Amino acid sequence: MPRELSNDPRDRLGVYKRLEEVPPRYRLRQHADVYRGEDVWETFLEDHLFPQYPKDRYRQDTRRAGRLWKSHMADCGRHHALATPEDVDQWCRSLLDQRNVRTVYNHYWVRLERFYDWLLTRTDHPHVYHPFLMAAAEYETASRIWEAKVEQR
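Report on the accompanying structure. The structure presented is a predicted model; accordingly, all values stated were derived computationally and were not measured.

**Quick word on the overall build of the chain**
Then comes step 1: Along the chain, the regular secondary structure elements total 8 helices and 0 strands.
Then comes step 2: In the chain, the succession of α and β elements from N to C terminus is α-α-α-α-α-α-α-α.
Then comes step 3: Each principal axis of the C-alpha distribution contributes one length, and for the chain these read about 40 × 35 × 30 Å.
Then comes step 4: Here the chain holds 153 residues, and 44% of them are scored as buried.

What follows is the structure, given as structure tokens:
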């Protein structure tokens, strides 16, 4: 029988629970040059997510979430695959200005959380921590979105 995951995002994080604990050489910002001009989100969609979810509506919603995320990350001056937990929380706050918590979770958070899950499993990406989980553990707004996830389980 599969083991149930903890509802606490801290329990799902690996060795590093906060960005400050990550040694500078492992922080995602160190890889900005490698990611410049690379659309990792599109690769994730085409190679991983869309083969599992072929419905047009899901694809449209997912592309919208990606566009908003990429725009937010461009405003932060970072590549969309190189977020900090603070970037995640700021994005959540901006989404909640016009949407309710459940909508933000179901249409935005879940898709980007999966993206970072995927990055962590790929040996061709340097990801050793999860900014979405860190944000849920550390910031109030991201924690509210995480609670929507827990309530739906």
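Now that the structure has been shown, we can carry on.
**Here we look at the pattern of salt bridges**
Then comes step 1: Throughout the structure, instances matching the rule amount to 13 salt bridges.
Then comes step 2: The partner of Arg18 in a salt bridge is Glu138, with the nearest N and O atoms 3.2 Å apart. In this pair, Arg18 sits in the loop between helix H1 (9-12) and helix H2 (32-35) while Glu138 sits in helix H7 (residues 131-138), placing the two residues 120 residues apart along the sequence.
Then comes step 3: Residue classification places Arg18 among the partly exposed positions, given a relative accessible area of 38%.

**Some remarks on the packing of helix H5 (residues 85-96) against helix H6 (residues 101-121)**
Then comes step 1: Interaxial distance between H5 and H6 falls to 10 Å at its minimum, and their mutual angle equals 145°. The element H5 and its partner H6 pack so that their crossing is right-handed. Of the residues in H6, those touching H5 at Val88, Trp91, Cys92, Leu95 and Leu96 are Val101, Val104, Tyr108, Trp109 and Leu112.
Then comes step 2: Per-class residue counts for the contact of H5 with H6 are 10 nonpolar, no polar and no charged.

Calculation notes
- Residues numbered from 1 in each chain as written.
- Predicted model: local features only at pLDDT ≥ 70, side-chain atom pairs only at ≥ 80, totals over all residues.
- Heavy atoms only, no water.
- Helix = DSSP H or I, 4+ residues; strand = E, 2+ residues; numbered from the N terminus.
- Buried < 20%, exposed > 50% of the residue type's maximum accessible area, 1.4 Å probe, protein only.
- Salt bridge = Lys/Arg side-chain N within 4 Å of Asp/Glu carboxyl O.
- Axes fitted to C-alpha atoms, helices over the stretch in contact; angles between N-to-C directions.
- Left-handed = near helix turned anticlockwise from the far one by under 90°.
- Contact = heavy atoms within 4.5 Å.
- Nonpolar A, V, L, I, M, F, W, Y, C, P; charged D, E, K, R; others polar.

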